[in-house]
Amino acid sequence: MNNMSKKGTALIIGGGIAGLLSARVLADYYEEVVIVEKDNFPAGSEDRAGTPQSFHPHRFTQRGKEIMTRFFPDFEQDLAEQGARSVLNKTVHNMNQHGSVVVQYPRNDYKFSRALLEWVVRRRVREIPGVRILPKHEVLRLLTTSDHAAVTGIAVRDRGSDGQEKVLMGDLVVDTSGRSSKLTAWLENLGYDVPQPDLLKVNLGYSTRRYRIPPGQAHLIETWDTVIIGGQPANGTFSGVFSIIENQIAEVLLYRPGGHYPPTDAEQFEQAVAQLPSPLIAELLQGLEPITNPRGFRVSALHRHHFEQMERWPSGLLVLGDAFCIYDPIFGQGMTVAAIEAEVLEACLREQWEAPRPQFEQRTLRSIQAAIEPAWWLNCANDLQWEGVEYAGAEPLKGISFGRKYLDLHLERATAGPDFKLFGLYWAVNTLSISPREMLNPDLVTSVLEATEEGRQWLDELTQQYGQPLEHVWNDIVPTFSEAPYPSVSR
């Protein structure tokens, strides 16, 4: 964009991945972009106090990587220079309740810790002209016009020695402050009616421990990408994930929703790893040196806000990332959704700059919600297979009972063959590369269900329930899922 067309100041609340991506986008449209972060940023690739989940495994899906590469070309080279490693042709062992699928990873992707990724991206963002990062500042409230119809800035408190309150004025404020966002309270204090969020009461917990790979075990680095031992809802077993990140460090995660939490005691953690449905992870850990105690993280509920439904919304305010919706971290979708939302923000800004129209913010929030919906629906469909998980939404979630059952039957069919086409489709949908509609269409669903006795019986029940073939009532069964968040190549 021509610099002459830039105008004004954008303020971003929160300096995590969503905030950094937002800064990259906004810098093309605003003369000044200020990231306000409550934490003090570490000098190197270290975890921040304000991101308690940072220690645990993070990843970009292929879709997320493609977006990140467009915004920050060759960012993976920066990761590699800090010890991240390529997983091209490394082994992925994926076990679920129906069997195992073992493949060689086909792409030249890199594995990393969240701390390393954030440090690399933050360095890139600091280099963007017009972007300024203000650490150790807590945002206290929104500043508005007298009628509260427009946000004009934020009041912040310096968390340093003086603790002074100051005012930052801006033409646009974007809340990317994550799961600790105070946006709902701020809006209600300004007299806005905020809809109740959808809740998925997951009561999930996960524990992660890191290990050093000694020189004598270096062959593991050349052999393995990831080992996933999926938890089995019917038996209530933990999920276990082994992966190798940067600088000869391996990490192991234990996970389960439904209120039965994995241990954080070192001895009990190792015992739980040994009791997974497969011994493979425990075998890989033989000879590795634990370098941390297990660290736990718990989430009582996932939430999805419906800011886009508000009849009144102040101009000059947007929200994205975990401040809008949080996901089950086991699926690795959160950072990818943030990247997709940044692309949505970019498209909405481009449209507004080229042909300004009223209610830019409301249109943007609706577009962001369309990007959120597939990941939220998939999270609910997968997690509701577990006992102890409950959905509590303001409105019923369309097709979720169907999706919960069909996803499992699709995975069973894909694994049992194995049918690599079906398996690849399952992962492409769950990693947000393609729309769920690519997997949830009547022809494919009918084909999958007709392959097993259980499936045929359910297909008969569905046909009797609706009184006609599935293709005639398909839009009554599953959500439409807007194609807007997906690249045109997947349609």
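Located above this text is the structure these notes cover.
Calculation rules
Residues numbered from 1 in each chain as written. Predicted model: local features only at pLDDT ≥ 70, side-chain atom pairs only at ≥ 80, totals over all residues. Heavy atoms only, no water. Helix = DSSP H or I, 4+ residues; strand = E, 2+ residues; numbered from the N terminus. Rg over C-alpha atoms; globule rule 2.2 N^0.38 Å. Buried < 20%, exposed > 50% of the residue type's maximum accessible area, 1.4 Å probe, protein only. Contact = heavy atoms within 4.5 Å. Areas by Shrake-Rupley, 256 points an atom, 1.4 Å probe, with all protein chains shown as cover. Axes fitted to C-alpha atoms, helices over the stretch in contact; angles between N-to-C directions. Parallel < 35°, antiparallel > 145°, perpendicular 65-115°, else oblique. Nonpolar A, V, L, I, M, F, W, Y, C, P; charged D, E, K, R; others polar. Patch = residues over 30% accessible without salt bridge, like charges linked within 9 Å, V, L, I, M, F, W, Y side chains within 5 Å. Salt bridge = Lys/Arg side-chain N within 4 Å of Asp/Glu carboxyl O. Lys, Arg positive; Asp, Glu negative; His and termini not counted. Charge placed at Lys NZ, Arg CZ, Asp CG, Glu CD. Core = buried A, V, L, I, M, F, W, Y, C linked by side-chain atoms within 4.5 Å. Left-handed = near helix turned anticlockwise from the far one by under 90°. Pairing = 2+ DSSP bridges.

Trainee: Tell me what's going on with the overall build of the protein, and back it up with residues and numbers.
Mentor: Per the secondary structure count, the protein includes 15 helices and 21 strands. For a compact globule of 491 residues, the expected C-alpha radius of gyration is about 23 Å, and the protein comes in at 23 Å, within 12% of that figure. Its C-alpha atoms put the protein at 65 × 65 × 40 Å along the principal axes. For the protein, the residues scored as buried account for 58% of the 491 residues in total. Pairs at least 24 apart in sequence give 72% of the contacts found in the protein among residues at least 6 apart. Approximately 20600 Å² of the protein is accessible, and the part contributed by carbon and sulfur atoms is 47%.

Trainee: Tell me about the packing of helix α13 (residues 442–449) against helix α15 (residues 470–477), and name the residues and values.
Mentor: Running from N to C, α13 and α15 point in directions that differ by 105 degrees, and their axes come no closer than 10 Å. In terms of their interaxial angle, α13 and α15 are classed as roughly perpendicular. Contact with α13, carried on its side by P442, V445 and T446, involves L470, E471 and W474 of α15 and no other residues of that element. Of the residues that constitute the contact of α13 with α15, the class distribution is 4 nonpolar, 1 polar and 1 charged.

Trainee: Outline a positive patch on the surface, listing residues and values.
Mentor: On the surface, a cluster of positive charge is made up of K38, K136, R159 and K182. Here K136 lies in the loop between β7 (131–134) and β8 (137–144). A relative accessible area of 33% means that K136 is categorised as partly exposed.

Trainee: Now, about the nonpolar core: what can you tell me, with residues and values included?
Mentor: In terms of nonpolar packing, the biggest core is built from 133 residues, with L26, I154, F307, F402 and Y406 touching the most fellow members. If near-sequence neighbours (up to four positions away) are discounted, I154 is found in contact with L11, I13, V36, V139, R141, L142, L143, K166, V167, L168 and V173.

Trainee: Can you tell me about the packing of helix α11 (residues 400–416) against α13, naming the residues and giving the values?
Mentor: Between two packed helices, what matters for the description is the angle formed by their axes and the separation of those axes. For the pair α11 and α13, the least separation of the axes is 10 Å and the interaxial angle reads 60 degrees. By the angle between their directions, the pair α11 and α13 is classed as oblique. Handedness of the crossing formed by α11 with α13: left-handed. Where α11 approaches α13, its residues F402, Y406, L409, H410 and R413 are matched on the opposing element by L444, V445, V448 and L449. Considered class by class, the residues forming the contact of α11 with α13 number 7 nonpolar, 1 polar and 1 charged.

Trainee: Account for the pairing of strand β5 (residues 99–104), naming residues and giving values.
Mentor: In the sheet, strand β4 (residues 91–96) pairs with β5 via 6 bridges, with the strands oriented antiparallel. The residue of β5 that forms the bridge with N94 is V101.

Trainee: Any details on the pattern of salt bridges? Residues and values, ideally.
Mentor: Scanning the entire structure with this criterion turns up 22 salt bridges. R132 is the partner of E32 in a salt bridge, and the nearest nitrogen-oxygen pair spans 3.6 Å. Highlighted residues: E32 in strand β2 (residues 32–36) and R132 in strand β7, separated in sequence by 100 residues. Two residues, E343 and R70, come together in a salt bridge whose shortest N-O distance is 3.2 Å. Placement of the pair is E343 in helix α9 (residues 334–354) and R70 in helix α2 (residues 62–71), with a sequence separation of 273 residues. Accessibility expressed as a relative area gives 25% for E343, which makes it partly exposed. By relative accessible area, which is 41% here, R70 ends up partly exposed.

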